[in-house]
Amino acid sequence: MTNRKFNLRTAALTLAIGVTAIGGIASFASPAIAAQEVNIVEGYALHGYDPVAYFTVGSPTLGNSDFVAEYDGAKYRFASAENRDQFNADPEKYAPQYGGFCAFGTAMGRKFDGDPTAWRIVDNKLYLNLNKEIQARWLADIPGFVRGADHNWDIIRSIEDAKLADEAMAPKNLTIGAQ
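Summary of the structure given here. (Residues numbered from 1 in each chain as written. Predicted model: local features only at pLDDT ≥ 70, side-chain atom pairs only at ≥ 80, totals over all residues. Heavy atoms only, no water.)

Before going further, it helps to spend a moment on unusual backbone geometry. Residue Glu-42 is not a glycine yet carries a positive backbone phi of 50°. Phi at His-47 takes a positive value of approximately 55°, unusual for a residue other than glycine. Along the chain, the position of His-47 falls in the loop between β2 (44-45) and α3 (51-56). Judged by its relative accessible area of 28%, His-47 falls in the partly exposed class. (Helix = DSSP H or I, 4+ residues; strand = E, 2+ residues; numbered from the N terminus. Buried < 20%, exposed > 50% of the residue type's maximum accessible area, 1.4 Å probe, protein only.)

As structure tokens, this is what we get:
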């Protein structure tokens, strides 16, 4: 059964990466940042986008370096002092799930970069995906992929993606895909 799971995992990841390459976006978490529990790009979580704006404005909004807060070992930028203060009052409400890594990738047992423009709020939680093509696959079974990602995140959150990519080094108790 383990071999079947890893064969499915390999096939699904190959497809996900192939779709990504076809879309012209080959962006995923580098091993240098993959061991972190929060996806940090150029010094900021969410690529410097304001996490509160997803909930208040309803769209990705770049933050300003004048308004910064730290949470869970990462710096977040905000479009305003009001958004920063709102975040500081309840950071768990606004911080992206799975540290801002791709929700679909997490369900597959991997840590890929989360694109701040491929986002969705579900049950008052912010989720990112690698890109819009991968997000379309994730949208086909959000509850199932969230269950799979929730299970996997507790296992992979502090493991480098390079180890997760290596079937010999990857944890054996991961779920693969929607559950």
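After that view, the rundown keeps rolling.
This brings us to the side chain of Arg-110. In this fold, Arg-110 is placed in the loop between α6 (103-107) and β5 (115-122). On the accessibility criterion, Arg-110 (8% relative accessible area) is buried. At 2.6 Å, the side chain of Arg-110 forms a polar contact with the side chain of Asp-161. (Polar contact = N/O pair within 3.5 Å; in protein donor to acceptor, adjacent residues only side chain to side chain.)

Moving on to the environment of Gly-73. Turning to its location among the elements, Gly-73 is positioned in the loop between β3 (64-71) and β4 (74-78). Taking the C-alpha atoms as reference, Gly-73 lies 8.8 Å from Gln-36; in sequence the two are 37 residues apart.

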